[in-house]
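The residues making up each chain are set out below.
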Amino acid sequence: MDIVEKILEYSNPYNVLQEKVKIKDNSLLFNNENIPFNKPILISVGKASLPMARFFSERIELKAKLIVTPKGTKGNENNVIEAGHPLPDENSIEAGKRIIELLTTEDYDLVIFAISGGASALVEYSEISLDELRMINKNLVISGIGINKINIVRKHLSKIKGGKILEYIKDKIPVVSFIVSDVPGNDISSIGSGLTSIDTSTNENALEILKDIGLEKYSKYLTETPKSFSRIVKNYIILDNMEVLKKLANILDNSFILTSEIRGEARDVGAIIASIYNSSENYNVPLRRPYYLLLGGEPEVTIQGKAGKGGRNGEVCLSFLKYAKKGNRFELLGFATDGVDGNSEYAGCKVNSDMKIAEEEIDAALETHNSYGLLENYGGTIKTGYTHTNVNNIYVLRAP
């Protein structure tokens, strides 16, 4: 069995929409709710935007649609903007303007949003210059503070995030959002910087984060986010990391899900997984081999200075290999469901008990954030190309 293929199958947003959302007689049927429409428009933004848009386009006569996807992933679709990720670019700003234009000029009676990871960079509209926005986002991404805090700043510096985009929608028009979560814990207000969600964070929260990373001078651009809406807004998470883990657990014998919300520095996460494995091998708390331990989430990597070719999964796997108790067989898979781990061309990696990598080599790779520079030499990399989805990272520890 190819576990990577199974992860991608279970992470496919088109398949999940087909399974969970029914469209009949000009109504969306989901979660025991009936959402009627006659003139719907679709705005699909994020790494999963193309398959999500395809699902609705094939089943509904849309009044209008706009799809925003990362550069290089457009395919043959129409009404698509390819924008920057992980940093916003000119097309991100253009996408924000086009969405506002669509919402303020088109004739419609329902707005369908399809939102997935990456939307925070792909769509933007702000008073801040693009160069400054890119600099702020770069500092946020490499700071190691975690996605929730990163998106608190993004929401309060934007004119469309944190629910602000709803201010451009015509009065009383309902909104329904179908969301693929790439945020541990599924905080809707953080996924895609909460385009259609009420936000509980404040300007003060954003200011504290800006101070922590030395960018408090941009506090003059902070604006408060909506704490309530005057229209019907329904936000549905249709797919997340835990759903993928559960489906994996159903096909892997003697498997145990430990968490779908793992956070922290990637090298620390690798050490924690190793400690769990080491304890599972202890005669006091044995697990019957063969077994699988399943985890998911989004570890962070804090970068100071120049970095090599690396990613969070590369650092998790190398750190695990450093600390895992030798003597018994094991294999750890670390996989980014979007097909991109860090600044590498790889989606993830595999390490196992047969790999003889010196501890000094591992330490050097972790110190320089060059995990894939090292793993390439040992055949430990996984390359899939862009996957058109994102439910964070999946870790599968196999003890045969």
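So, how was this worked out
The residue count restarts for each chain, going from 1 along the sequence in the order it is written. Only residues with pLDDT of at least 70 get local features here, since the model is predicted, and only at 80 or more are side-chain atom pairs given and counted; chain-wide, interface and lining totals rely on the full set of residues. Each side-chain value is derived from all of the structure's non-hydrogen atoms; neither hydrogens nor water enter the calculation. Working convention: axes come from line fits to C-alpha atoms, limited for helices to the stretch in contact. Angles between N-to-C directions cover 0 to 180 degrees. Helix and strand assignments follow DSSP, with helices taken as H or I runs no shorter than four residues and strands as E runs no shorter than two, numbered in order from the N terminus. Every angle not falling under 35 degrees, over 145, or within 65 to 115 is termed oblique; those three ranges are roughly parallel, roughly antiparallel and roughly perpendicular. A crossing counts as left-handed when the near helix is turned anticlockwise from the far one by less than a right angle, and as right-handed when that turn is clockwise. We call two residues contacting when some pair of their heavy atoms lies within 4.5 Å. As a working rule, the residues Ala, Val, Leu, Ile, Met, Phe, Trp, Tyr, Cys and Pro are called nonpolar, Asp, Glu, Lys and Arg charged, and the rest polar, with Gly in that last group. UniProt positions are given in the numbering used here, feature names are shortened, and annotations may be inferred rather than shown by experiment. Here a pair means two rings of Phe, Tyr or Trp (six-membered ring of Trp) with centres within 6.5 Å. Their orientation is stacked below 30 degrees between planes, edge-to-face above 60, and tilted elsewhere. When a residue's accessible area, from a 1.4 Å probe over protein chains only, is under 20% of the maximum for its type it is buried; when over 50% it is exposed; and in between it is partly exposed. For two strands to be treated as a pair, DSSP must find at least two bridges joining them. Throughout this description, the term salt bridge denotes a Lys or Arg side-chain nitrogen within 4 Å of a carboxyl oxygen of Asp or Glu. In this description, the arc belongs to the directions extending from the helix axis to the C-beta atoms.

The name an unreviewed UniProt entry gives the protein chain is Hydroxypyruvate reductase, with Saccharolobus islandicus as the organism.

1. Points about the packing of helix H1 (residues 3-10) against helix H9 (residues 241-251)
Describing two packed helices takes the angle between their axes plus the distance from one axis to the other. Where H1 meets H9, the axes come as close as 9 Å, and the angle between the chain directions of the two elements is 135 degrees. When the axis of H1 is compared with that of H9, the two are oblique. As for the relative orientation of H1 and H9, their crossing is right-handed in sense. Of the residues in H9, those touching H1 at Ile3, Lys6, Ile7 and Tyr10 are Val244, Lys247, Leu248 and Ile251. Taken together, the residues that form the contact of H1 with H9 break down as 6 nonpolar, no polar and 2 charged.

2. Concerning the UniProt feature "domain: MOFRL" (unreviewed entry) in the protein chain
The positions that UniProt labels "domain: MOFRL" (unreviewed entry) are, in the present scheme, residues 292-393. For residues 292-393, the end-to-end C-alpha separation is 16 Å, with 25% helix and 20% strand making up the annotated structure.

3. Description of the packing of aromatic side chains
Considering all chains together, one arrives at 11 aromatic pairs under this definition. Ring centres 6.5 Å apart and planes at 25 degrees place the aromatic pair Tyr218 and Tyr221 in the stacked group. By relative accessible area, Tyr218 is classed as buried at 4%. With 5.3 Å between their ring centres and 90 degrees between their planes, Phe320 and Phe330 make a pair best called edge-to-face.

4. Some remarks on the pairing of strand E3 (residues 33-36)
Sheet topology places strand E2 (residues 27-30) next to E3; 4 bridges connect them, and they run antiparallel. Bridge assignment links Leu29 to a residue of E3, and that residue is Asn34. With antiparallel pairing between neighbouring strands as the criterion, E2 and E3 make up a hairpin whose turn holds 2 residues, including Asn31 at a positive phi of roughly 55 degrees.

5. A few points about the packing of helix H11 (residues 312-323) against helix H12 (residues 359-367)
At their nearest, the axes of H11 and H12 sit 10 Å apart, and the two run at 150 degrees to each other. In terms of their interaxial angle, H11 and H12 are classed as roughly antiparallel. Crossing handedness for the pair H11 and H12: left-handed. Between H11 and H12, the residues in contact are Glu315, Leu318, Ser319, Leu321 and Lys322 and Glu359, Ile362, Asp363, Ala365 and Leu366, respectively. For the contact of H11 with H12, the class distribution of residues is 5 nonpolar, 1 polar and 4 charged.

6. Some words on the environment of Ser353
Relative to the helices and strands, Ser353 is located in the loop between strand E13 (348-352) and H12. Those residues within four positions of Ser353 in sequence are excluded, and the remaining contacts are Asn328, Arg329 and Phe330.

7. Quick look at unusual backbone geometry
In this chain, His85 is followed by Pro86 through a cis amide linkage whose omega measures 10 degrees. Residue position: Pro86 is located in the loop between strand E6 (80-83) and helix H4 (90-105). A cis amide bond, omega -5 degrees, links Arg289 with the succeeding residue Pro290. Note on placement: Pro290 falls in the loop between helix H10 (266-280) and strand E11 (291-297).

8. Concerning the pattern of salt bridges
Scanning all chains against the criterion turns up 22 salt bridges. Its salt-bridge partner being Lys39, residue Asp107 comes within 3.0 Å of it at the nearest N-O pair. With Asp107 in the loop between H4 and strand E7 (110-115) and Lys39 in the loop between E3 and strand E4 (40-45), this residue pair connects regions lying 68 residues apart in the sequence. In this structure, the salt-bridge partner of Glu224 is Lys227, at a minimum N-O distance of 3.2 Å. A relative accessible area of 36% means that Glu224 is categorised as partly exposed. The structure contains a network of salt bridges with shared partners spanning Glu19, Lys20, Glu243 and Lys247.

9. A word on H12
Of the residues making up H12, those classed as buried are Ile362, Ala365 and Leu366. Each buried residue of H12 sits inside an arc of 100 degrees when the element is viewed along its axis, so together they form one side. More than 90 degrees from the buried face of H12, the exposed residues found are Glu360 and Glu367. In this structure, the buried side of H12 is in contact with H10, H11 and helix H13 (371-375).

10. Examining the side chain of Asn151
If you trace the backbone, Asn151 turns up in helix H7 (residues 147-157). Residue classification places Asn151 among the buried residues on the basis of a relative accessible area of 1%. Those residues in contact with Asn151 that lie beyond four places of it in its chain are Ser120, Ser190 and Ser193.

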